[in-house]
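# Fold and geometry: a report
What follows is each chain in one-letter form.
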Amino acid sequence: MFNETDVLAATALRMLAIDAVQAANSGHPGLPLGAADMALVLWTRHMKYDPGQPEWPNRDRFVLSAGHGSALLYSLLHLAGYPLPIDEVKNFRQWGSQTAGHPEYDPKIGIETTTGPLGQGFANAVGLALAERILAEKFNQPDFPVVDHHTYVIASDGDLMEGVSHEAASFAGHLGLGRLIVLYDDNSISIDGSTELSYSDDVPARFAAYGWHVQQVDGHDMAAIDQALTAAKEETGRPSIIACKTHIGLGSPGQDTSKVHGSPLGEEGVKQTKRKFGWDEDAKFFIPDEVAAYFTQYKEMGAQKNTDWQSMLASYMEAFPELGEDWERFVKGELTPGWQSKLPEFEADKPLATRSASGKVLAAIAPELPTLVGGSADLTPSNNTRTPDAKEISPGNFAGSYIHYGVREHGMSSIMNGLALHGLRPFGGTFLIFSDYLRPTIRLAAMMGLPVVYVFTHDSIGLGEDGPTHQPVEHVTSLRAIPNLWVLRPADGNETAKAWKVALERSDGPTALVLTRQALPQICPATTGLENRRAIRCQRGCW
Ligand SMILES: Cc1ncc(C[n+]2csc(CCOP(=O)(O)OP(=O)(O)O)c2C)c(N)n1
Ligand SMILES: [Mg+2]
């Protein structure tokens, strides 16, 4: 089933990656050399993608969570035929290139999410896999599996050490996200040296305890990887992890050491590695014709899958015109026209906490917005995030719009990034004081321009009674320091309604709503302009 051309293609992938790192004299050769076999098997025998239309909605999602191995991803995208020319691979890590040191969100060339901070890609992938199930429930009809794909991840030791991956893995196991498949680059090396220095988890046992389907294979045995991927796809009720035992820096002088993790091999090291793989040691960025033809064949197969899907979609649009309209809007990232008319108005002289106003706003608008998916990190009654009509998402049941994330703020927020990457409009709640727990993910949402909404309640001086651990002091200021995050701190009910309007009309980045626990007077009648508002505030002595 695997022949010399497969091996040659994997070698070409490796050589392209080490040439890119060497040209930049900076980067990470270890992961590409070690993980090329699993990447090749995945991208040729299992993944569904069309490099001619990278944003095909029903493509399988691939996340290189170990973003430091980006030379592997860029080489793979180039070989697979994505619009990423060889000059971009040659310009690895150079200013203005599409090939930054760690991948940055760029779906037009096949990069599904920004990775680099370890663990985030893993948790984003849980969000992508959850989005796939939610969307399948919304759109699929008998004989019309419009949304029907897998989410694949390559994750490293560091990814699995990071806390956020623990939260997300536990949650994925709970929900039974059967279409999530993780290839673990199990090389027992991280930057400080052997993982034995700091890591003695029994990873397979840990994931089995989370409720995952677990396999262990030799990560350089293509047939074994292929079989494991097939078994992982057959397991539909549980997420899968395949621990692939690999050699970091395979074939290089520094193989199996931490040195090869993040240091270029050097001109001599590159030559030695090329000799070891039977490659011309003087050839740089060389792609043999048979390797180019090999990838073209898979590109054509992918294009055919997309063509078949497009013709199914055309029949679907005729058979289900209303759903078809929703689908078109979803694909364009648009919300139901006129939804703003449902925004409630709050009467003067009825003091109300802005968290309560937020709950009322959501209750009014959520039924209009099929792609809005809410949740809370176990503070639902405090955050007022669940609306009366919202059905909850639960293990094996994805026909809902409300997610109980459990006490997993960091995981929740990274999963929300994944939901947003797949086109849903997620919002999630916790106390403002705990915004620190999800700060790394807010920054990534801001960098990627994802329209995620954070419902941060309990912005109140009255919280003093909970003690200093619950009293937000510097939080609003520090959130305002994140570029491209909009921080809105409405002063009453009507401003809360406007804040939701602003947050949901925004499609190019995240918004934090900072809401009170205590009741506030209504100082801003809904329909008046700024001048009147000023006058009213002056009358009340609160401007
Ligand atoms: C949150 C976070 N902390 C630290 C780093 C810096 N860093 C990059 S790779 C790495 C660990 C490398 O080990 P592993 O993940 O096993 O990758 P491998 O060396 O096997 O390629 C670290 C600590 C990071 N990228 N993200
Ligand atoms: Mg490692």
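Structure: above.
Presented here is a report on the structure given in the accompanying data block. Small disclaimer: the values here were computed from a predicted structure and weren't measured.

### Here we look at the overall build of the protein
Across its full length, the protein holds 20 helices and 15 strands. A compact globule built from 543 residues would reach a C-alpha radius of gyration of about 24 Å, and the protein, at 25 Å, matches this within 12%. Across its three principal axes, the protein shows a C-alpha extent of roughly 85 × 55 × 45 Å. Considering only intrachain contacts with a sequence separation of at least 6, the fraction spanning at least 24 residues in the protein is 77%. Summed over all atoms, the accessible surface of the protein reaches about 21,200 Å², with 50% contributed by carbon and sulfur.

### Focus: the packing of helix α1 (residues 4-24) against helix α12 (residues 289-319)
Interhelical geometry of α1 versus α12 gives an angle of 100 degrees and a closest axis separation of 9 Å. What the angle tells us is that α1 and α12 run roughly perpendicular. Packed against α1, whose contacting residues are T5, D6, L8, A9 and A12, the element α12 presents E290, V291, Y294 and F295 at the interface. Of the residues assigned to the contact of α1 with α12, the class counts are six nonpolar, one polar and two charged.

### Here's the deal with the coordination of the magnesium ion (ligand 2)
Within the protein, the atoms that donate to the magnesium ion (ligand 2) are D157 (OD), N187 (OD1) and I189 (O), at distances of 2.1 to 2.2 Å. Donor residues binding the magnesium ion (ligand 2) come from one chain and are separated in sequence as D-x29-N-x1-I. Of this pair, D157 sits in helix α6 (residues 157-161) while N187 sits in the loop between β3 (180-186) and β4 (189-190), and the two are 30 residues apart along the sequence. Judged by relative accessible area, N187 falls into the buried class, the value being 9%.

### Side note on the environment of Y105
If you trace the backbone, Y105 turns up in the loop between α4 (86-90) and α5 (120-139). On a C-alpha basis, the gap between Y105 and L42 in space is 21 Å, while along the polypeptide they are 63 residues apart. Beyond its immediate sequence surroundings of up to four residues, Y105 is in contact with I111, E112, T113, T114, L421, M448 and L450.

### A short note on the packing of aromatic side chains
On inspection of all chains with the given rule, the structure shows 25 aromatic pairs. Centre to centre, the rings of Y316 and F320 are 5.4 Å apart; their planes meet at 50 degrees, and the pair counts as tilted. Owing to a relative accessible area of 0%, Y316 belongs among the buried residues under this scheme. Between R506 and the ring centre of W486, over which it is positioned, the NZ or CZ distance is 3.9 Å.

### Considerations on the site of ligand 1
The full set close to ligand 1 counts 15 residues, and G116, S156, G158, N187 and H261 are the nearest of them. In this structure, H68 approaches ligand 1 through a side-chain N or O atom, which is 2.8 Å from an oxygen atom. A distance of 2.6 Å is found between an oxygen atom of ligand 1 and a side-chain nitrogen or oxygen belonging to S156. Isolated, ligand 1 exposes 570 Å² of accessible area, and the fraction of that covered by the protein chains is 74%. Looking at the shell around ligand 1, the elements with two or more residues in it are α6 and β4. Residue composition of the shell around ligand 1, by class: six nonpolar, seven polar and two charged.

### Let's talk about the pairing of strand β1 (residues 61-64)
The alternating pattern of β1 places R61 and V63 and F62 and L64 on opposite faces, both of which are buried. Direction of pairing for β1 relative to strand β2 (residues 151-156): parallel, over a ladder of four bridges. Paired with L64 across the bridge in β2 is I154.

### What about the nonpolar core?
One finds F122, L130, L180, L419 and Y454 to be the most contacted residues of the largest nonpolar core, which totals 74 residues. Looking at which element gives the most residues to this core, the answer is α5, with twelve residues. Membership of the second largest hydrophobic core comes to 65 residues, among which are I154, M222, I242 and Y294.

### Some remarks on the pattern of salt bridges
According to the stated counting rule, one finds 22 salt bridges in the structure shown. The closest approach of N and O atoms between R45 and D6, which form a salt bridge, is 3.0 Å. Of this pair, R45 sits in helix α2 (residues 30-46) while D6 sits in helix α1, placing them 39 residues apart in sequence. One salt-bridge network, in which partners are shared between bridges, spans E132, R133, D148 and R179.

### A word on unusual backbone geometry
Notably, D143 is not glycine yet its phi reads approximately 70 degrees, a positive angle. Structurally, D143 can be placed in the loop between α5 and β2. The exposure class assigned to D143 is exposed, which follows from its relative accessible area of 72%. One non-glycine residue, H458, adopts positive backbone phi at about 70 degrees.

### Remarks on helix α13 (residues 321-332)
Spanning twelve residues, α13 covers 17 Å between terminal C-alpha atoms, matching the ideal 16 Å at 1.5 Å per step. Residues L323, G324, W327, R329 and F330 constitute the buried set of α13. Buried residues belonging to α13 abut α5 and α12. Of the residues trailing α13, G333 is marked for its positive phi of about 75 degrees.

### A short note on the sheet that holds β3
Neighbouring strands of a sheet are bound in pairs by backbone hydrogen bonds; such pairs are parallel or else antiparallel. If you trace the five strands from one edge of the open sheet to the other, you get β1-β2-β3-β7-β6, paired in parallel fashion. Each having just a single partner strand, β1 and β6 (213-218) make up the two edges of the open sheet. With direction set aside, neighbouring strand axes in the sheet form an average angle of 15 degrees. Of the pairings in the sheet, the one linking β2 to β3 comprises six bridges and is parallel in character. For A155, the partnering residue across the bridge sits in β3 and is Y184.

Calculation criteria
- Residues numbered from 1 in each chain as written.
- Chains lettered and ligands numbered in written order.
- Predicted model: local features only at pLDDT ≥ 70, side-chain atom pairs only at ≥ 80, totals over all residues.
- Heavy atoms only, no water.
- Helix = DSSP H or I, 4+ residues; strand = E, 2+ residues; numbered from the N terminus.
- Rg over C-alpha atoms; globule rule 2.2 N^0.38 Å.
- Contact = heavy atoms within 4.5 Å.
- Areas by Shrake-Rupley, 256 points an atom, 1.4 Å probe, with all protein chains shown as cover.
- Axes fitted to C-alpha atoms, helices over the stretch in contact; angles between N-to-C directions.
- Parallel < 35°, antiparallel > 145°, perpendicular 65-115°, else oblique.
- Nonpolar A, V, L, I, M, F, W, Y, C, P; charged D, E, K, R; others polar.
- Donors = N, O, S within 2.8 Å, 3.2 Å for Na, K, Ca; no water.
- Buried < 20%, exposed > 50% of the residue type's maximum accessible area, 1.4 Å probe, protein only.
- Phe/Tyr/Trp six-rings, centres within 6.5 Å; stacked < 30°, edge-to-face > 60°.
- Lys NZ or Arg CZ within 6 Å of the ring centre and 35° of its normal.
- Near = heavy atom within 4 Å.
- Polar contact = N/O pair within 3.5 Å; in protein donor to acceptor, adjacent residues only side chain to side chain.
- Pairing = 2+ DSSP bridges.
- Core = buried A, V, L, I, M, F, W, Y, C linked by side-chain atoms within 4.5 Å.
- Salt bridge = Lys/Arg side-chain N within 4 Å of Asp/Glu carboxyl O.
- Expected span 1.5 Å × (residues − 1).

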